[in-house]
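Per-entry structural report
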Amino acid sequence: MSAFVIPEPRRSVLTVQGRDGLFPVRRVYCVGRNYAAHAREMGADPDREPPFFFSKPGDAVVPGGPIPYPPATTDLHHEVELVVAIGRTGTKVPAAEAQGLIYGFAVGVDLTRRDLQAVAKKGGKPWDMAKGFDNSAPIGALVPLDAFPMPEAGSITLEVNGERRQSGDLSDMIWPIPDMLAHLSDLVTLEPGDLVFTGTPEGVGAITRGDTIRAEVAGLPLLAFTLV
Ligand code: MN
């Protein structure tokens, strides 16, 4: 067994409510336009699109706290999302069996450089630099599936400096979690440590240095962070 020739890369981890162990993060997938009203506010027709996915690097995951305002943007947006944590390996998993892949759930914010995304969309270019930058995936503590069963409904909200900006319900997802995981597992093999952002309700908007963000899904630990 050889030693690494460079310092070993850092791995992001999530804490788990009520457990001593940590959840090691592998890959981060995100589904686009999974709430009809948000798809419409972004100029898309939600009735005509199959689910599509993009990704963020695993080390973009941070546990909240102070988050540096990222470079190369003047239009950083918040997107509050339910995050699914994968605990078992699965490929081409039918929706009826997808729950078996899940370790638990957390609240996340899909931070987005909206100005870079607009340029990418216009030019038919990749979204990577709009979505997958450093610290772009703040995620709160996980709750295991046995303590937070597969949610079919529940409020999902985000406040900036105490003002409500996003307010939706998990029941408004176009693609429910099992269907989404089935689609994703047709494209890649899901492995323990993978995370899936499940889309955001309407009300996305800009945040800036000094703002305090509070993201909540009913029944899950609060995710709070300040941009510095
Ligand atoms: Mn998103």
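Here, the structure is the one placed above.
Residues numbered from 1 in each chain as written. Predicted model: local features only at pLDDT ≥ 70, side-chain atom pairs only at ≥ 80, totals over all residues. Heavy atoms only, no water.

Our next topic: the coordination of the manganese ion. Six octahedral donors at a metal ideally form angles of 90 or 180 degrees, and four tetrahedral donors ideally form angles of 109.5 degrees. Listed as protein donors to the manganese ion are Glu79 (OE), Glu81 (OE) and Asp110 (OD); their distances from the metal cover 2.0 to 2.2 Å. Read N to C, the donor residues that coordinate the manganese ion are spaced as E-x1-E-x28-D. As far as the burial class goes, Glu79 and Glu81 line up, both buried. (Donors = N, O, S within 2.8 Å, 3.2 Å for Na, K, Ca; no water. Buried < 20%, exposed > 50% of the residue type's maximum accessible area, 1.4 Å probe, protein only.)

At 3.6 residues per turn, the α-helix brings residues three or four places apart onto the same side. Regarding helix α4 (residues 177–187), the residues found buried are Ile177, Met180, Leu181, Ala182, Leu184 and Ser185. Against the buried residues of α4 lie β3 (28–31), β4 (53–56), β8 (80–86), β9 (102–109) and β15 (195–197). (Helix = DSSP H or I, 4+ residues; strand = E, 2+ residues; numbered from the N terminus. Contact = heavy atoms within 4.5 Å.)

Here we take up helix α2 (residues 114–123). Of the residues making up α2, those classed as buried are Arg114, Gln117 and Ala120. Relative to the axis of α2, the buried residues are bounded by an arc of 115° and lie together on one face. Turned more than 90 degrees off the buried face of α2, the exposed positions are Val119 and Lys122. Just past α2, the residue Gly124 takes up positive phi, approximately 65°. (Arc of directions from axis to C-beta.)

The next subject is the sheet that holds strand β18 (residues 223–227). Spatially, β6-β18-β17-β13-β14 is the arrangement adopted by the five strands of the open sheet, whose pairing is mixed. If you trace the sheet from one side to the other, it starts and ends with β6 (65–67) and β14 (163–169), each paired once. Within the sheet, the average angular offset between the axes of one strand and its neighbour, ignoring direction, is 20°. Note that strand β17 (residues 212–217) and β18 share four bridges and pair antiparallel. Note on β18: the bridge partner recorded for Ala215 is Leu223. (Pairing = 2+ DSSP bridges. Axes fitted to C-alpha atoms, helices over the stretch in contact; angles between N-to-C directions.)

Further remarks concern the side chain of Lys56. In this fold, Lys56 is placed in strand β4. Among the polar contacts made by the side chain of Lys56, one reaches the main-chain carbonyl oxygen of Lys131 at a distance of 2.8 Å. Of the polar contacts made by the side chain of Lys56, one reaches the backbone oxygen of Ser136; its length is 3.0 Å. Sequence-distant contacts of Lys56, that is, excluding residues within four places in its chain, are made with Val28, Cys30, Asp110, Leu111, Lys131, Gly132, Ser136 and Ala137. (Polar contact = N/O pair within 3.5 Å; in protein donor to acceptor, adjacent residues only side chain to side chain.)

The next subject is the nonpolar core. The nonpolar side chains of a soluble globular protein tend to be buried with one another. Core analysis: the largest hydrophobic core is formed by 44 residues, its most contacted members being Phe105, Ile177 and Leu181. Every element with two or more residues in this core is listed here: β3, β8, β9, β13 (155–160), α4, β17 and β18. Discounting chain neighbours no more than four positions away, the residues touching Leu181 are Val84, Ile86, Ala98, Ile102, Leu190 and Val196. In terms of nonpolar packing, the next biggest core, distinct from the first, is built from 19 residues, Val16, Val83, Trp127 and Ala137 among them. (Core = buried A, V, L, I, M, F, W, Y, C linked by side-chain atoms within 4.5 Å.)

Glancing now at the sheet that holds β3. Taken together, the six strands give an open sheet; going across it, the order is β4-β3-β15-β8-β9-β12, and neighbouring strands pair in mixed fashion. Looking at which strands have only one partner, the edges of the open sheet turn out to be β4 and β12 (143–144). Sheet analysis places β8 next to β15, joined by three bridges and oriented antiparallel. Bridge pairing in β15 links Val83 to Phe197.

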